[in-house]
Amino acid sequence: ANVLGVLIDRSKQPERVKRKFRLTLHRLVRFDGHQVFQQITPYVGRVESSSGLGRYFRVEGGIVGLSCRTGSLVVVEKKDEKKFDRIWEITNLLASGAKNIRPYVDSLLACPFFAPEKKGGKQHVTMVLFVDSAETGFFNSEVQETISAACSGFVQLLEGLHASGALRPVVSFYPGFRVR
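In this report, we go over the structure that sits alongside the text.

Reading the values: the criteria
Along each chain, residue indices are assigned from 1 in the same order as the chain's sequence is written. Whole-chain, interface and lining totals are the exception, using all residues; otherwise, since this is a predicted model, local features are given only for residues with pLDDT of at least 70 and side-chain atom pairs are given and counted only at 80 or more. The side-chain values count all of the structure's non-hydrogen atoms but skip hydrogen atoms and water molecules. Partly exposed residues are those whose accessible area sits between 20% and 50% of the maximum for their type, while under 20% is buried and over 50% is exposed, using a 1.4 Å probe and protein chains only. Secondary structure is summarised from DSSP: a helix means a run of H or I of at least four residues, a strand means a run of E of at least two, and numbering begins at the N terminus for each. One bridge is not enough; two strands pair if DSSP finds at least two bridges between them. The directions considered for the arc run from the helix axis to the C-beta atoms. Two residues qualify as a contact provided that any one of their heavy atoms is within 4.5 Å of a heavy atom in the partner residue. The criterion is simple. A nonpolar core is a set of buried Ala, Val, Leu, Ile, Met, Phe, Trp, Tyr and Cys residues joined through side-chain atoms within 4.5 Å. Think of it this way: a Phe, Tyr or Trp ring, Trp meaning its six-membered ring, pairs with another when their centres are within 6.5 Å, and the plane angle makes it stacked under 30 degrees, edge-to-face over 60, tilted otherwise. Placement of a charge over a ring requires the Lys NZ or Arg CZ to be within 6 Å of the ring centre, with the centre-to-atom vector within 35 degrees of the ring normal.

**Re the pairing of strand β5 (residues 74-77)**
Link 1 in the chain: Every second residue of β5 is oriented toward a common face, the buried set being Val-74 and Val-76 and the non-buried set Val-75 and Glu-77.
Link 2 in the chain: Summarising the sheet, β5 and strand β6 (residues 107-114) pair through four bridges and their orientation is antiparallel. Opposite Val-74, over in β6, you have Ala-110 as the bridge partner.

Printed below as a string of structure tokens:
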């Protein structure tokens, strides 16, 4: 959130300084026989509320689910109201039980994190970073590269903590959502 705040504040256009955005992290788990993504951090950023911690959605819905299913970074921008509304139909957002998109949101991003690869193994998404912004076009190539670098640094930190023994994995038979 601090990195994105700096990018917004660095903008030459003063009206962007207080633009709203928020981000959260989801983990992929299995509940009641269904693969779901669960919000594991409160929203942070320039928001009025930090709610949402613990809620979960089936992986078949939303842009977080789309990011899991494709193993790709997903960016959505509101350039046309009808097309923006169509995205929610295509991604089954409403069927997933998610709340309506906040009125200020004009762009969204979902960035998958992968489980360590095994020889000849399939890719599995273990977490997804979700970000929304009040600015259409906010997720330009510079911002996407910055988010990607921050995510890579986060993964390197976790792997370093694991290698040093400071962080130990929880035994699980669920490797994450298998990318189709």
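**Side note on helix α1 (residues 2-9)**
In an α-helix, one turn spans 3.6 residues, which is why side chains three or four residues apart end up on the same side.
Link 1 in the chain: Listed in full, the buried residues belonging to α1 are Leu-4, Gly-5, Leu-7 and Ile-8. Taken end-on, α1 shows its buried residues confined to a sector of 160 degrees, consistent with a single buried face. Away from its buried face, by an angle of more than 90 degrees, α1 presents the exposed residues Asn-2 and Val-6.
Link 2 in the chain: Buried positions along α1 lie against β1 (21-31), β3 (44-46), β7 (124-133) and α4 (141-164).

**What to know about the nonpolar core**
Link 1 in the chain: In this structure, Leu-28, Ile-63, Cys-68, Leu-108 and Val-128 are the most contacted members of the largest nonpolar core, which totals 23 residues.
Link 2 in the chain: Those elements that place two or more of their residues in this core are α2 (62-70), β5, α3 (81-90), β6 and β7.
Link 3 in the chain: Those residues in contact with Cys-68 that lie beyond four places of it in its chain are Leu-28, Val-59, Val-125, Val-128, Phe-177 and Val-179.
Link 4 in the chain: With 17 residues, the next largest nonpolar core counts Phe-21, Leu-23, Val-131 and Cys-151 among its residues.

**Here we look at the packing of aromatic side chains**
The geometry of two aromatic rings is summed up by the distance between their centres and the angle between their planes.
Link 1 in the chain: Under the counting rule described, the total for this entry stands at four aromatic pairs.
Link 2 in the chain: Measuring from centroid to centroid gives 5.6 Å for Phe-37 and Phe-57, while their planes differ by 40 degrees, and the two rings are tilted. Of this pair, Phe-37 sits in strand β2 (residues 34-39) while Phe-57 sits in strand β4 (residues 56-58); the two residues are 20 residues apart in sequence, bridging distant segments of the chain. Residue Phe-37 shares its accessibility class with Phe-57, and that shared class is buried.
Link 3 in the chain: Taking the centre distance of 5.3 Å and the plane angle of 75 degrees together, the rings of Phe-138 and Phe-139 count as edge-to-face. In this pair, the class of Phe-138 matches that of Phe-139, namely buried.
Link 4 in the chain: Arg-22 extends its terminal NZ or CZ atom over the ring of Tyr-43, reaching a point 3.8 Å from the ring centre.

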